Amino acid sequence: MPRIALLGCGGFIGSHFLDAFLTDPSWTIEGWDWTPAKIKQHLGHPAFTFHPGDLYTFPGLEDALAKADVVISLAAICNPSQYNVRGVDVIESNFIQPRLIADMCARRGKWLIQFSTSEVYGQTLSHWTGGGEAPASLYELDEETSPLLLGPVSAQRWSYACAKQLLERYVAALHREQGLAYTIIRPFNFLGTRMDFLPGRQGVALPREVEGLPRVLACFTGALLDRSPLTLVDGGHVRRTFLAVEEAVEALRLMLERPGMAKNKIFNLGHPGNEITIRGMAEMMREVAADVTGDESYLELPLVDVPALEFYGEGYADSDRRMPRIDKAANLLGWTPRRGLRGILRVVLEDAFQTHASRPIATVSLQE
Ligand SMILES: NC(=O)c1ccc[n+]([C@@H]2O[C@H](COP(=O)([O-])OP(=O)(O)OC[C@H]3O[C@@H](n4cnc5c(N)ncnc54)[C@H](O)[C@@H]3O)[C@@H](O)[C@H]2O)c1
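Overview of the structure. Just so it is clear, the structure is predicted and the values come from calculations on it, not from any experiment.

### Some thoughts on helix 11 (residues 278–293)
Helix length check: helix 11, at 16 residues, gives a terminal C-alpha distance of 22 Å against a target of 22 Å (1.5 Å per residue), a fit within 8%. Judged by how many residues are buried, helix 11 sits mostly within the fold: twelve of 16 residues are covered. Buried within helix 11 we find Ile278, Gly280, Met281, Ala282, Met284, Met285, Arg286, Val288, Ala289, Ala290, Val292 and Thr293. Phi turns positive one or two residues past the end of helix 11, at Gly294, with a value near 75°.

This is the structure we're talking about:
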């Protein structure tokens, strides 16, 4: 029975991976995370072994990885609110530590699936040449040809992207020089339930002063539950694409089922059809909240502009537009994302209102 080592199994992507793979009797999974808070439902499953705590201090980690057929490395600090205030920790957890895992996989002949990020593309050519109105060739991002354009060192924000980029280069070098089998995944903004944490509403993986603010989906969800204004950094003008986390997990399944197609490659995973500005996403989330609660007053919640300097502090920068090309995943894996953004947000907000709001919701449909 194929055996998966899942590092960071208790996070957003890891928890959805367990949901999908523990219903399939063909896999056994050994997982590590600081906390099982999001995966309690899977503890005790006969095909799942969980190790709480810091995975890098786990005794015999390399021997444990050596027993696996594939190592999936998710563990990281990957929250924009942290990039410019905890640069040392961000670089440690996105390069220095996962580099040790890559070394172990190279030594033990294990296939490493390393999660990177779409942030490695940095500010993109369109950012410098006409913003969102630039030709598509300047913001469509291809794994093989697009440049990776990071800002200056003084913009600490790029600490995360730079650490992930160096990790990608290190993994590719281990492949060339030591025969490591690898797959690198560049996620373009996965969405789904259990993303980060809702401030003040549930326990967090790390102490609050360490974890900081959640990513944008959880920030907006928390604001809707609190009926407080939705905060738009610099007016929320940047555009992003969004992919249902379940469809990302489906791509992972296809990789595991077709290793010959997946090994020694880099894949963008995203949904080009789900592009929207962050302001547009805030507006859509107000509409979806009104729809799932039957309460039109959600449409009136204010959207408040806050300068990035005030929200994130010194050293923040952003990219105006990042659009994944996904031809490689489509051609090699037969993977095509289908779920629309509104339907994904509906699932997230139905779950949030059912779990956290005291008032009853009008309709409950988990279908798009
Ligand atoms: N979710 C996205 O849209 C997205 C976008 C870009 C990149 N990624 C990448 O995908 C990976 C997973 O992302 P996610 O959204 O699931 O993040 P997440 O923060 O929800 O999950 C990461 C998990 O790793 C755990 N972890 C970190 N360091 C650890 C350590 N030393 N020991 C034990 N556990 C540790 C955390 O507790 C957390 O549960 C990350 O590498 C991230 O950079 C995700």
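The discussion continues.
### Details of the packing of aromatic side chains
Taken as a whole and judged by the stated rule, the model has nine aromatic pairs. Considering the side-chain rings of Phe311 and Tyr312, the 4.9 Å spacing of their centres and the 85° angle between planes classify their relative orientation as edge-to-face. Residue classification places Tyr312 among the buried positions, given a relative accessible area of 17%. Three or more aromatic residues joined by ring pairs form one cluster here, namely Phe17, Phe21 and Trp27. Directly above the ring of Trp158 sits Arg157, whose terminal nitrogen or CZ lies 5.2 Å from the centroid. For the cation-ring pair, Arg253 lies above Phe21, with the distance from its terminal atom to the ring centre recorded as 4.7 Å.

### Some remarks on the site of the ligand
Around the ligand sit 24 residues, and of these Phe12, Asp33, Tyr160, Lys164 and Phe190 come closest. Within the backbone of Phe190, one N or O atom sits 2.8 Å away from an oxygen atom of the ligand. Arg215 places a polar side-chain atom, nitrogen or oxygen, 2.8 Å from an oxygen atom of the ligand. Expressed as a share of its isolated accessible area of 820 Å², the protein-covered part of the ligand is 92%. Of all the elements in the fold, those that place two or more residues in the shell around the ligand are helix 1 (12–21) and helix 6 (159–178). The residue inventory of the shell around the ligand, partitioned by class, reads 13 nonpolar, seven polar and four charged.

The rules behind each value
Residues numbered from 1 in each chain as written. Predicted model: local features only at pLDDT ≥ 70, side-chain atom pairs only at ≥ 80, totals over all residues. Heavy atoms only, no water. Helix = DSSP H or I, 4+ residues; strand = E, 2+ residues; numbered from the N terminus. Expected span 1.5 Å × (residues − 1). Buried < 20%, exposed > 50% of the residue type's maximum accessible area, 1.4 Å probe, protein only. Phe/Tyr/Trp six-rings, centres within 6.5 Å; stacked < 30°, edge-to-face > 60°. Lys NZ or Arg CZ within 6 Å of the ring centre and 35° of its normal. Near = heavy atom within 4 Å. Polar contact = N/O pair within 3.5 Å; in protein donor to acceptor, adjacent residues only side chain to side chain. Areas by Shrake-Rupley, 256 points an atom, 1.4 Å probe, with all protein chains shown as cover. Nonpolar A, V, L, I, M, F, W, Y, C, P; charged D, E, K, R; others polar.

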